[in-house]
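# Summary of the model geometry
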Amino acid sequence: MSSFVRNAWYVAAWSREIGRQLTTRTILGENLVFWRREDGTPAVLVDRCPHKLAPLSLGTLVGDDLQCGYHGMTFNGSGQCVRIPGQAAIPPSASARTFALAERYGAVWIWMGDPALADAARIVEVRRHGEPGWALVDGQYLHFDCNYLNITDNLVDPAHTTYVHKGTIGNAAAEDVGVKVEQDDDHVLAYRWVNDSEPVPLVQAMGSFTGPVDRWQYYHLHLPSVSCVDFGSIAAGREHSEEEMDAGLRSFSYNFLTPETETTTHYFWLHLRNYHVDSAEAGAQVARLMTDTFLEDAAILARVQREQERTGVREFVRLAIDNAPARIRRLIARQQAQEAEQAAA
Amino acid sequence: MSSFVRNAWYVAAWSREIGRQLTTRTILGENLVFWRREDGTPAVLVDRCPHKLAPLSLGTLVGDDLQCGYHGMTFNGSGQCVRIPGQAAIPPSASARTFALAERYGAVWIWMGDPALADAARIVEVRRHGEPGWALVDGQYLHFDCNYLNITDNLVDPAHTTYVHKGTIGNAAAEDVGVKVEQDDDHVLAYRWVNDSEPVPLVQAMGSFTGPVDRWQYYHLHLPSVSCVDFGSIAAGREHSEEEMDAGLRSFSYNFLTPETETTTHYFWLHLRNYHVDSAEAGAQVARLMTDTFLEDAAILARVQREQERTGVREFVRLAIDNAPARIRRLIARQQAQEAEQAAA
Amino acid sequence: MSSFVRNAWYVAAWSREIGRQLTTRTILGENLVFWRREDGTPAVLVDRCPHKLAPLSLGTLVGDDLQCGYHGMTFNGSGQCVRIPGQAAIPPSASARTFALAERYGAVWIWMGDPALADAARIVEVRRHGEPGWALVDGQYLHFDCNYLNITDNLVDPAHTTYVHKGTIGNAAAEDVGVKVEQDDDHVLAYRWVNDSEPVPLVQAMGSFTGPVDRWQYYHLHLPSVSCVDFGSIAAGREHSEEEMDAGLRSFSYNFLTPETETTTHYFWLHLRNYHVDSAEAGAQVARLMTDTFLEDAAILARVQREQERTGVREFVRLAIDNAPARIRRLIARQQAQEAEQAAA
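Note that the coordinates shown come from a computational prediction; the quantities given were computed from them, not determined experimentally.

## Structural notes on the overall build of chain A
- Regarding its fold elements, chain A presents 6 helices and 17 strands.
- Here the C-alpha radius of gyration of chain A, 23 Å, is about what a compact globule of 345 residues would show, namely 20 Å.
- Reported as C-alpha extents along the three principal axes, the dimensions of chain A are approximately 80 × 50 × 35 Å.
- Across the 345 residues that make up chain A, the buried fraction comes to 57%.
- Relative to all contacts within chain A whose residues are 6 or more apart in sequence, the contacts with residues 24 or more apart total 58%.
- Of the roughly 14,400 Å² of accessible surface on chain A, a fraction of 50% belongs to carbon and sulfur atoms.

As structure tokens, then:
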């Protein structure tokens, strides 16, 4: 059974990846081919000619259109066949499948579901993106050998950090402070504040705190699979408000998960910070640390995935720390059920 | 469901490949082992000892016979067990399966169907083979990662040439001239004449025409899978007869497709020409050009095959250019139905 | 259908392989992780955390216990969960599966069946092990790409030696001397004596016989899969008693087969001899010769296995030489039926 949600915006590619050459990527199990029209707008088709099923990505761009490399059938970015060499009449069945695209935050987004619902206003908000006083580490990509829900599990679960990330960001200190969980229809939030404590080493190095701090971690998961981790520190005792938090040392780590297949996932990510914003070195350091940390996740999740496939089971015991992950999976299941109903209707 | 026709002669190997060593090849899904008896006649057995299923190709030749490398059971080329070490009585079930062979045109041919029907007179005629005034490029082999019917499609389809072979023999000039298609019980022919036109570059280089030419392409497909492409040029206005065509610049390109499995095919080929017949260089040039051209087919057909396997579909739209390919597939289906009936009777 | 017998002691590892690091091995299809407790006793768990199925072998030893590398759940060697970070109550379902172990003859043995039946007294006796006057080649390991019963076939079948081992120990001389077969409930024996004959080259080199010898081969198979080959020579005419045989030139070759999966097998082996007992060179020579010989078996059995998988058939003809192998397979089938009955009851 599929674990995919179709009516959602997924990052298909970073904008820089799509141009006047043909770019292929598999998303939700569909092989796709991307290019840009001459006016710069992105286009996508299923990477398969409706004639003999030759991959269209073996063909060539002819102006705005894509010509198959086998018999020259040519399609525009709406999927319409505009030419069949040696044949005047174009049968209505001679069309290629396409999907709605939008471009925002330096990424090309794709909507794999009902095109009537593809409203670009539903693309998740990337907070502070493009705002002055915020530095961006952008355009990052990793490939995970596991189902995307194994990753969303981790992204609302601080408990794994102590063990999986002991080589990078792991830290046993906060294990005793409980995590609170909230949810609405398309959003799960796990968070905690650790108050009146020593700044962690990174914060000591990057900030200029002279006394104890209150620090926070907010793990947002926007369904189906956009994660935003908001973390930072302020001087102990200050109000826990957006204004004060922005005035402290603060980061937003965004992870855009796009299922490739049921067992593999594209992991696009970017990072925003309000400290050392002009330091290229600080940016490179963030990129390295985050990459190393995510690769630790990738390594264990690939092994978890293999064992789940081998046994046909996802978990045998549910623990207290599974509260937020379990909520995500329930909301995903609900959304899938809705999509199945709509498809049947 | 199998796409194989069993009652047919297939090229199993070039004659030079079969000798006093053991040679293995998979044909129609059967692993086979070939050798020559001391009198030079070829022999074949299924490559599997009936005892414990050890591949017989791990054994050794003992005179005309093949001795298994596991326990020494020995079989003659008719599949009879002639020795079981340590056991006097040979049970009747102790036999290995064999198939009818014939040798012609420098190749060993195999009949994978009903041995009672294996009449060597049914081997396809290779026109001009061995005749004076004709040069032969012989003994060529390629391996295709696709079902053999995806190749027969191409071999009666001039339309793909412009796109797939744009790096070799492709040429958009003749696209407007329609292809005529004829068929009988075991043969499909697609052909066209382009009259009163400039000689193509190769013909200009190889021939000595001073004015316009009439040129022809005849794509013969002898069921199930022997292709003969007859192409050439004569001075414009001359009679379109065999005699005149032989007096012009003419080639016969023979392709012998032998299914290896449902998804892979042995591609044996040879080429006959009536120009520069004593030039080794011209022969090498033909071999290079044809190889490069066929490898272009192999590349796109491997991708077509993968996509057909992925989707479980062979084509979504039928075009006008699919006339001849569709006839072949219908005749193949008819022949398979006949074989199924005979097998049931 | 499984070919495994579960109520049996199998060699899981040589003792030297199990220590204060984590060692993984698949046995009877189960991924296992081994270690030693601080008191030196070996421990084993199924290599899979009951929480999210992360391999426990990615974790760390904490004293006697194994801590999962994902969320820190910690298990003792009995499989009990002793700690869940961030959660006081340990649910009863939070346990990992374990198996009975025993250590003997320099190996760790595992009982994969009903723990109530795991009596270490049932471990097969390795004759002469540790006795004065006997030299040991120990701790040898090979990996076979075939089902274990294809190996037990060979280990009671002298007939394959002439063909498979013609490069090592093969010898056609004794082919005419019949093999006698005996059996009881959990043991099959094939044996023969070749009397009053020239010593074979190895015996001439290693022994000091001046006249003809009587030589023996006893192929013991202790069910399910421990093989002992007892072979040697005594001066012709002496009594065929244990005492006389020990006084001659004698070897015991022990092969402990542990199914890894249905199609692969761990092959542990050791060798005892009563000649040149103080010669390291003789020991190295035995290790080399036996390894080369077993690799010849591994090569042909891997090919037999592939062909059996391809056809779904194990053998097509039964020969006289299959007497002992067939008895083993019948006894194994009987034991499996008993285990199935017990499991159902």
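Read on for the rest.
## As for the sheet that holds strand 17 (residues 264–273) of chain A
Residue and element names in this part refer to chain A.
- Overall, antiparallel pairing links the 7 strands, which are arranged 11-17-16-15-14-13-12 in an open sheet. Edge positions in the sheet fall to strand 11 (135–144) and strand 12 (180–184), since each of these pairs with one other strand and no more. Neighbour-to-neighbour, the strand axes of this sheet turn through a mean angle of 15°, independent of strand direction.
- The pairing of strand 12 with strand 13 (residues 187–197) spans 5 bridges and is antiparallel. Following the sheet pairing, Q183 is matched in strand 13 by V188.
- Strands strand 12, strand 13 and strand 14 (213–222) of the sheet are contacted by helix 6 (residues 323–344), whose axis makes an angle of about 10° with strand 12.

## Concerning the relation of the copies chain B and chain A
- Superposing chain B onto chain A takes a rotation of 120° plus a shift of 0.2 Å along the axis, which leaves an RMSD of 0.1 Å. When the rotation and shift are considered jointly, the pair of chain copies conforms to a three-fold rotation axis.

## Focus: the pattern of salt bridges
- Across all of its chains, the model carries 63 salt bridges over all chains by this definition.
- In this structure, A:D246 and A:R128 form a salt bridge, with 3.0 Å as the shortest nitrogen-oxygen distance. Within this pair, whereas A:D246 is found in helix 4 (residues 242–247), its partner A:R128 is found in the loop between strand 10 (107–111) and strand 11, the two being separated by 118 residues in sequence.
- Under the relative-accessibility criterion, A:D246 is labelled partly exposed at 27%.
- Its relative accessible area of 12% is what places A:R128 among the buried residues.
- Salt bridges here are not isolated pairs; linked through shared partners, they connect A:K52, B:D153, B:R314, B:E315, B:R318, B:D322 and B:R329.

## Observations regarding the UniProt feature "domain: Rieske" (unreviewed entry) in chain A
- Taking the numbering used here, the UniProt-annotated feature "domain: Rieske" (unreviewed entry) corresponds to residues 9–110 of chain A.
- Across residues 9–110 of chain A one finds 0% helix and 42% strand; the C-alpha atoms that close the span lie 5 Å apart.

## Some remarks on the confidence of the model for chain A
- Model confidence for chain A is summarised by a mean pLDDT of 94, while 98% of its residues fall at 70 or above.
- Two numbers describe this predicted complex: its pTM, 0.94, and its ipTM, 0.93.

## Quick word on the interface of chain C and chain A
- Residue-level contacts link 27 residues of chain C with 26 residues of chain A.
- Together chain C and chain A conceal approximately 2,200 Å² of surface at their shared face, both sides included; 57% is due to carbon and sulfur atoms.
- When the buried area of chain C at its contact with chain A is split by residue, C:K52, C:L53 and C:Y70 rank highest and sum to 31% of it.
- We note a salt bridge from A:D153 to C:K52, for which the minimum N-O separation is 3.2 Å.
- Scanning the region where chain C abuts chain A turns up 11 residue pairs in polar contact (both at pLDDT 80 or more).

## So, the state of the cysteines
- Going through the model one piece at a time under the given rule, you end up with 0 disulfides over all chains.
- A:C68 supplies the cysteine sulfur nearest to A:C49, a cysteine that is in no disulfide, at a spacing of 4.0 Å.
- Residue classification places A:C49 among the buried residues on the basis of a relative accessible area of 2%.
- No disulfide involves B:C146; its nearest neighbouring cysteine sulfur is the one of A:C68, lying 15 Å away.
- Residue B:C146 is classed as buried on the basis of its relative accessible area, which comes to 1%.

## Observations concerning helix 6 of chain A
Residues and elements named next belong to chain A.
- With 22 residues, helix 6 extends 32 Å between its outermost C-alpha atoms, agreeing within 8% with the 32 Å of an ideal straight helix rising 1.5 Å per residue.
- Residues of helix 6 that are buried include every one of A324, P325, A326, R327, I328, R329, L331, I332, Q335, Q336 and E339, and no others.
- Its buried side turned inward, helix 6 meets helix 1 (148–155), strand 12, strand 13 and strand 14.

## Topic: the interface of chain B and chain A
- The partner chain A presents 27 residues to the 26 residues of chain B that form the contact.
- With both chains or domains summed, chain B and chain A bury close to 2,200 Å², and 57% of this area falls on carbon and sulfur atoms.
- The three residues of chain B that bury the most area against chain A are B:Y163, B:V317 and B:L319, which together make up 30% of that side's buried surface.
- At the boundary of chain B and chain A, one finds 4 salt bridges.
- A salt bridge links A:K52 to B:E315; the nearest nitrogen and oxygen atoms lie 3.2 Å apart.
- Counting the contacts that link chain B with chain A gives 11 residue pairs in polar contact (both at pLDDT 80 or more).
- If one sorts the elements of the side of chain B that touches chain A by residue count, helix 5 (residues 280–311) of chain B sits on top with 8 residues.

## Here's the deal with the environment of B:M73
- Mapped onto the secondary structure, B:M73 falls in the loop between strand 6 (65–67) and strand 7 (74–75).
- We classify B:M73 as buried; its relative accessible area is 2%.
- Here B:M73 is in contact with B:C49, B:P50, B:H51, B:L66, B:Q67, B:C68, B:C81, B:R83, B:I84, B:P85, B:A94 and C:L319, once residues within four sequence places are set aside.

## What to know about the sheet that holds strand 10 of chain A
Residue and element names in this part refer to chain A.
- The 3 strands lie next to each other as 1-10-9, forming an open sheet whose pairing is antiparallel. Of all strands in the sheet, those bounded by a partner on one side alone are strand 1 (9–14) and strand 9 (100–104). Each strand axis lies, on average, 35° off the axis of its neighbour in the sheet, ignoring direction.
- Sheet topology places strand 9 next to strand 10; 5 bridges connect them, and they run antiparallel. From the neighbouring strand, E103 faces strand 10, where its bridge partner is V108.

## As for unusual backbone geometry
- Residue B:P224 is bonded to the preceding B:L223 through a cis peptide linkage, with omega at -5°.
- Tracing the chain through its elements places B:P224 in the loop between strand 14 (213–222) and strand 15 (226–235).
- The phi torsion at A:L28 lies on the positive side, around 45°, for a residue other than glycine.
- The topology assignment puts A:L28 in the loop between strand 2 (23–27) and strand 3 (30–36).

## A look at the domain arrangement of chain A
Residues and elements named next belong to chain A.
- Domain boundaries assigned for chain A yield domain 1 (9–120) and domain 2 (130–341).
- In this structure, domain 1 and domain 2 have C-alpha centres spaced 34 Å apart.
- Facing 13 residues of domain 1, the contacting portion of domain 2 comprises 16 residues.
- Buried surface at the junction of domain 1 and domain 2, summed over both partners, amounts to about 1,100 Å²; 66% is from carbon and sulfur atoms.

## Details of the environment of A:A120
- Inspection of the secondary structure puts A:A120 in the loop between strand 10 and strand 11.
- The spacing of A:A120 and A:A102 is 18 residues in sequence and 6.4 Å in space, taken between C-alpha atoms.

Analysis parameters
Residues numbered from 1 in each chain as written. Chains lettered and ligands numbered in written order. Predicted model: local features only at pLDDT ≥ 70, side-chain atom pairs only at ≥ 80, totals over all residues. Heavy atoms only, no water. Helix = DSSP H or I, 4+ residues; strand = E, 2+ residues; numbered from the N terminus. Rg over C-alpha atoms; globule rule 2.2 N^0.38 Å. Buried < 20%, exposed > 50% of the residue type's maximum accessible area, 1.4 Å probe, protein only. Contact = heavy atoms within 4.5 Å. Areas by Shrake-Rupley, 256 points an atom, 1.4 Å probe, with all protein chains shown as cover. Pairing = 2+ DSSP bridges. Axes fitted to C-alpha atoms, helices over the stretch in contact; angles between N-to-C directions. Least-squares fit on C-alpha atoms with pLDDT ≥ 70 in both. Salt bridge = Lys/Arg side-chain N within 4 Å of Asp/Glu carboxyl O. UniProt positions renumbered as here; feature names shortened; annotations may be inferred. pLDDT = per-residue confidence, 0-100. Buried area = accessible area lost by both parts, 1.4 Å probe. Polar contact = N/O pair within 3.5 Å; in protein donor to acceptor, adjacent residues only side chain to side chain. Disulfide = S-S within 2.5 Å. Expected span 1.5 Å × (residues − 1). Domains from an automatic or database assignment.

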